[in-house]
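Here are the chains, one letter per residue:
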Amino acid sequence: MANVSLQNLRKTYPNGAEAVQPCSFEIAHGELIVLVGPSGCGKSTLLRMVAGLEEVTDGTLMIGDRVVNDVDPADRDIAMVFQNYALYPHMTVAKNMGYGLKNRGLPKSEIADKVAEAASMLNLTEYLDRRPSQLSGGQRQRVAMGRAIVRSPELFLFDEPLSNLDAKLRNQMRIEIRALQRRIGVTAMYVTHDQVEAMTMADRIVVLNAGRIEQIGTPSEIYNQPASTFVASFMGAPPMNLLPATYNGNGTAQIGGTVPIMVNTKAGSAGDVQIGVRPEKVGILSEQTGHALPFELNLIEELGASRLLHGNLYGHSFVVNAANEVVLPEGQIYLDVEPDAVHMFSPGDGRRL
Amino acid sequence: MAEITTSQPPLPIPDRRRRKRIKWSVIGDHTVLIIGSLFLTLPLFMLILSTTLEDSTLATKGLHLAIDDQFDDNLKGALFEGKGFSGELTGLLMMQNSFILGIGFAVGKIIIGMMAAYAIVYFRLRFATFAFWIIFTTLLLPLEVRILPSYEVIQSMGLVNTYTGLIVPLVASATATFFFRQFFRSVPEELVEAARIDGAGPVKFFIDILVPLSKTMIAAMFIIMFVFGWNQYLWPTMITTEETMFTLVRGIKQITQILDGATIPEFGRANMLAILAVIPPVAVVIFFQNWFVKGLTESDK
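Residues numbered from 1 in each chain as written. Chains lettered and ligands numbered in written order. Predicted model: local features only at pLDDT ≥ 70, side-chain atom pairs only at ≥ 80, totals over all residues.

Trainee: Explain the overall build of chain B here, please?
Mentor: Broken down by element type, chain B carries 15 helices and zero strands. Across the 301 residues in chain B, those meeting the buried criterion constitute 30%. For chain B, the proportion of contacts with a sequence separation of at least 24, taken over those separated by at least 6, is 70%. (Helix = DSSP H or I, 4+ residues; strand = E, 2+ residues; numbered from the N terminus. Buried ≥ 20, exposed ≤ 12 C-beta atoms within 10 Å, placed from the backbone. Contact = placed C-beta atoms within 7 Å.)

Below, the structure is given as structure tokens:
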């Protein structure tokens, strides 16, 4: 059973920069964990520490029952797929896939069998004699995956494997990778900066910011209960609207103007807060009823399936994602925000209240 | 070249004048080029012609443009006839020595250069950059500058008149190290990492990945170094005193020098040997030309 366990894993560089602050989490067998965050957040460093390409400064890294802090990458029983594929340009597809096995001293016939099996799984059988330069981007990516599969490792590592592909291919490969990982049932760690990839592929997402874990959770937890304003604004497109407000300690918050916003959060004392509302969780009304808020519309972005309404809410910029069926009223627009859709964050450190 | 410009089909009248002017300028260009290349190849051409002449004709009339029937005799004489003081020095033997020097020199330089560059680029050595610049500064100390101490060392090791003594002192190469260093630095980092995960150690990575990747580079280096080694004159002159060790470039002189009594120097043979000395470097360049250009211009990744 290959659960992976990171215990207070930390990385500091010789110049004193702390790339990864001590972080701990467990990956269960067969789980796909996505590390997501903006560039420079330490997600790749974390992955490379697990791969053994970067040294671990502090903490314990376990793959299966072994502590692998000082184990050579080749002996960690892992396979890695790189962003630019990192195929050996002078070898054929078959040799590329079999190289790791050859180095482990497997007999030729066995290597050929495993390569053939992986190739048929990835629809690469007819390309086995080609060089990487004769393949398209998607095919190269598949070869890189094949190279990982033939070794049947305990752990798959993906370092932004889709960022070199065009958008259409990326969607297709995303599904392929996910399906393949499920089918083989191997534990996987996947690094990306694309929140769509993270949401669609992950069993659980680890959101990183500036070398620190902001939140670990399933895609739905990350989306519905973001642990901080960073997670709230990073995950989801367009990002969550964040507005400063005053909480009265009793279920309503005041953004400005006269109409308060209803909040479902029970806890917390009165005072300044930040409230967050997802653009797609807002209803549109044509007249003032109950707690509807007046919205000043500036710009409409047509997305096909929906429209983005950019505008102001009591002087703060606010985006609404309105489905196509929604008929925009003439004149003043009012927004209907359900209490359940309102998130509250502490104004200082941005943590969820 | 010229027929490209002359075989234009007749053109309609309006176009004709314009085309005609272009044609003239092209002809002009080609004329200049042809005359230039004829001029440059003239010495070689005269050398070839002179190998067909009798030695006596050459001795009396000097080099001139004429053709005779001595080519066969001179070729046979140059290749197979033993000459020199011992009578063992044949053209074939000298050619063999030259090849040993040229190939040993080129291969040695490539191996040493690649290994030095590998160490500098891929290993976390403490003074790697410093070491590299030290290697690089040896460019300022070519063999001609250090020829006496080099000779001293080789002589004291008893390596005079051996192939080892002929080749080894010339093998250390800053140029090859520099070229391979630049090339290795352009190899993507991910390739190294992928190989590490694939379980390739330093030696396997070098042999399985780096050497095949650098093959165009190796070919380019081979040409430069082979020609350079083949043309070595000063060092072989110093280190070889036995005639059986003479290289072609060094040995030609030996043949014209022998003037015993009234015999005419064997100009025909000497000239033939000069031509034979030109052929291998030219052949190497022609055969490896494509690789050479590739190696120096494109990084095949």
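Trainee: Explain the environment of K253(B) to me, please; I cannot follow it from the model alone.
Mentor: Residues and elements named next belong to chain B. In this fold, K253 is placed in helix α14 (residues 248-257). Its 13 C-beta neighbours within 10 Å are what place K253 among the partly exposed residues. In the structure, K253 is positioned 15 residues away from M238 in sequence and 14 Å away in space, judged by C-alpha atoms.

Trainee: Where do I start with the interface of chain A and chain B in this structure?
Mentor: Accessible area lost upon the coming together of the parts is a frequently used measure of interface size. Taken together, the contact pairs 17 residues of chain A with 16 residues of chain B. The set of elements that each furnish at least two residues to the side of chain A that touches chain B consists of β6 (78-81) and α2 (93-103) of chain A. Counted by class, the side of chain A that touches chain B contains twelve nonpolar, four polar and one charged residues. (Nonpolar A, V, L, I, M, F, W, Y, C, P; charged D, E, K, R; others polar.)

Trainee: Explain the pairing of strand β14 (residues 271-277) of chain A here, please?
Mentor: Where a strand is regular, its side chains alternate between the two sheet faces. Residue and element names in this part refer to chain A. Of all seven residues in β14, five are buried, a share of seventy percent or more. Pairing between β14 and strand β20 (residues 342-345): four bridges, direction antiparallel. What sits directly across from I275, in β20, is M344. (Pairing = 2+ DSSP bridges.)

Trainee: What is the right way to read the packing of α2(A) against helix α3 (residues 108-121) of chain A from this model?
Mentor: Axis angle and axis distance: for two packed helices, these are the angle between their axes and the distance between the axes, and together they describe the pair. Residues and elements named next belong to chain A. Interhelical geometry of α2 versus α3 gives an angle of 130° and a closest axis separation of 10 Å. Relative to α3, the element α2 is oriented oblique. Seen from above, α2 lies across α3 with right-handed handedness. Residues A94, M97, G98, L101 and K102 of α2 touch α3, and the partners they reach there are I111, K114, V115 and A118. Across the contact of α2 with α3, the residue classes tally to six nonpolar, one polar and two charged. (Axes fitted to C-alpha atoms, helices over the stretch in contact; angles between N-to-C directions. Parallel < 35°, antiparallel > 145°, perpendicular 65-115°, else oblique. Left-handed = near helix turned anticlockwise from the far one by under 90°.)

Trainee: Would you mind showing me how to read the environment of L313(A) here?
Mentor: Residues and elements named next belong to chain A. Locating L313 in the fold gives a position in strand β17 (residues 306-313). As for L313 and A292, which are separated by 21 residues in sequence, their C-alpha atoms are 11 Å apart. Look past the residues within four positions of L313 in its chain and what remains in contact with it is L243, I255, L293, F295, F318 and L335.

Trainee: Quick question: what am I supposed to make of the packing of helix α4 (residues 137-149) of chain A against helix α5 (residues 167-184) of chain A here?
Mentor: Residue and element names in this part refer to chain A. Their axes nearest at 11 Å, the elements α4 and α5 cross at an angle of 15°. Considered as vectors, α4 and α5 are oriented roughly parallel to each other. Judged by the twist between their axes, the crossing of α4 over α5 is right-handed. Listed contacts from α5 to G137, G138, Q141, M145 and I149 of α4 are L169, M173, L180 and I184. The class makeup of the residues in the contact of α4 with α5 is six nonpolar, three polar and no charged.

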